[in-house]
Amino acid sequence: MAEFAFKDIRVRLLGRDVVGLQGLTYKKTVEKEFVYGRGNTALGIQHGNKKVEGTLSILQSEFEALQTAIKAANPLADITDAVFDIVNTYGEGLTAHTDTILSASITEYEKGMKQNDKMKVIELPFLALDVLEGA
């Protein structure tokens, strides 16, 4: 059984493949805490809210293409106003696995470059409602 490499990943958002993808990370967390009663040993673990967060790293040209797509729908909007699904597929054919990140919303972006940079990579942190794994 082979593991997936970065070259095996295909990410789609706003109806297009992100060819200038430099990275994608996402995680789902659940608030948990111990429940204590008599004594000093926990009686159980209480579960709280769930959340999904991540970061999409893309080249400047991809960022501009996404901004253009968003502005076509709403000229006053930018990438921090849009809500969209991120479809992340690993592999192809029978071995393909797809995670769908639901209702992602970019929280911020920062542009910049330093001396001797070969390309501009923009980090886009996001919040999302859920991740459907294998969907």
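Located above this text is the structure these notes cover.
Procedures and definitions
The written sequence of each chain sets the order in which its residues are numbered from 1. In view of the model being predicted, local features appear only for residues whose pLDDT reaches at least 70, and side-chain atom pairs are presented and counted only at 80 or more, with totals across whole chains, interfaces and linings using the full set of residues. Side-chain metrics in this entry use all non-hydrogen atoms of the structure; hydrogen atoms and water are not considered. The numbering of helices and of strands both runs from the N terminus, where a helix is a DSSP run of H or I of at least 4 residues and a strand a run of E of at least 2. Based on C-alpha atoms, the radius of gyration is set beside the globule rule, defined as 2.2 Å times the residue count to the power 0.38. Relative accessibility under 20% of the residue-type maximum defines a buried residue, over 50% an exposed one, and the middle range a partly exposed one, all with a 1.4 Å probe and only protein chains included. Residues are treated as being in contact if the distance between any of their heavy atoms lies within 4.5 Å. Here, Shrake-Rupley sampling with a 1.4 Å probe gives the accessible areas, and only protein chains in the shown set may cover a residue. A positive count includes Lys and Arg, and a negative count includes Asp and Glu. His and the chain ends are not counted in either. Here the site of a charge means NZ on Lys, CZ on Arg, CG on Asp, or CD on Glu. Salt bridges, as used here, are contacts in which a Lys or Arg side-chain nitrogen is within 4 Å of a carboxyl oxygen on Asp or Glu. Side-chain rings of Phe, Tyr and Trp (the six-membered ring for Trp) are treated as a pair once their centres are within 6.5 Å; stacked means planes under 30 degrees apart, edge-to-face means over 60, and tilted covers the remaining angles. Two strands qualify as a pair provided DSSP detects at least 2 bridges between them.

Scanning the chain for helices and strands turns up 1 helix and 8 strands. Counting helices and strands in the order they occur from the N terminus, the chain gives β-β-β-β-α-β-β-β-β. The globule rule puts the C-alpha radius of gyration for 135 residues at 14 Å, and the 19 Å found for the chain is more than 25% above it. Across its three principal axes, the chain shows a C-alpha extent of roughly 60 × 40 × 35 Å. Of all 135 residues assigned to the chain, the portion counted as buried reaches 28%. Intrachain contacts of the chain at a sequence separation of at least 6 include 59% that bridge at least 24 residues. Accessible surface, the chain: about 9,100 Å² in total, of which carbon and sulfur atoms supply 52%. The chain carries 15 positive and 19 negative side-chain charges, and their two centres are separated by 2 Å.

Our focus in this paragraph is the pattern of salt bridges. In this structure the tally under the stated criterion is 7 salt bridges. For D17, the salt bridge identified is with R12, shortest N-O distance 2.9 Å. Among the residues examined, D17 registers a relative accessible area of 28% and is labelled partly exposed. One salt bridge in this structure joins R16 and E62, with 2.5 Å as the shortest N-O distance. Here R16, found in strand 2 (residues 16–17), pairs with E62, found in helix 1 (residues 60–73); they are 46 residues apart in sequence, far enough to count as distant.

The next subject is unusual backbone geometry. Negative phi is the rule for most residues except glycine; trans is the rule for most peptide bonds. One non-glycine residue, L14, lies in positive phi territory at about 50°. With respect to the helices and strands, the residue L14 is situated in the loop between strand 1 (9–13) and strand 2. Positive phi, close to 50°, is recorded for S103, a residue that is not glycine. Looking at where S103 falls in the secondary structure, it is placed in strand 6 (residues 97–106).

If you walk through the whole model with that rule in mind, you get 3 aromatic pairs. Ring centres 5.8 Å apart and planes at 35° place the aromatic pair F4 and Y90 in the tilted group. Of this pair, F4 sits in the segment before strand 1 while Y90 sits in strand 5 (residues 84–90), and the two are 86 residues apart along the sequence. Judged by its relative accessible area of 40%, F4 falls in the partly exposed class.

On to the pairing of strand 1. Pairing of strand 1 with strand 5 involves 5 bridges; the strand directions are antiparallel. Residue pairing for strand 5: R10 is matched across the bridge by T89. By the bridge criterion, 2 bridges tie strand 1 to strand 2 in an arrangement that is antiparallel. Looking at the pairing, L13 lines up with R16 of strand 2. Where strand 1 folds back on strand 2, the antiparallel hairpin that results is connected by 2 residues, among which L14 adopts a positive phi of roughly 50°.

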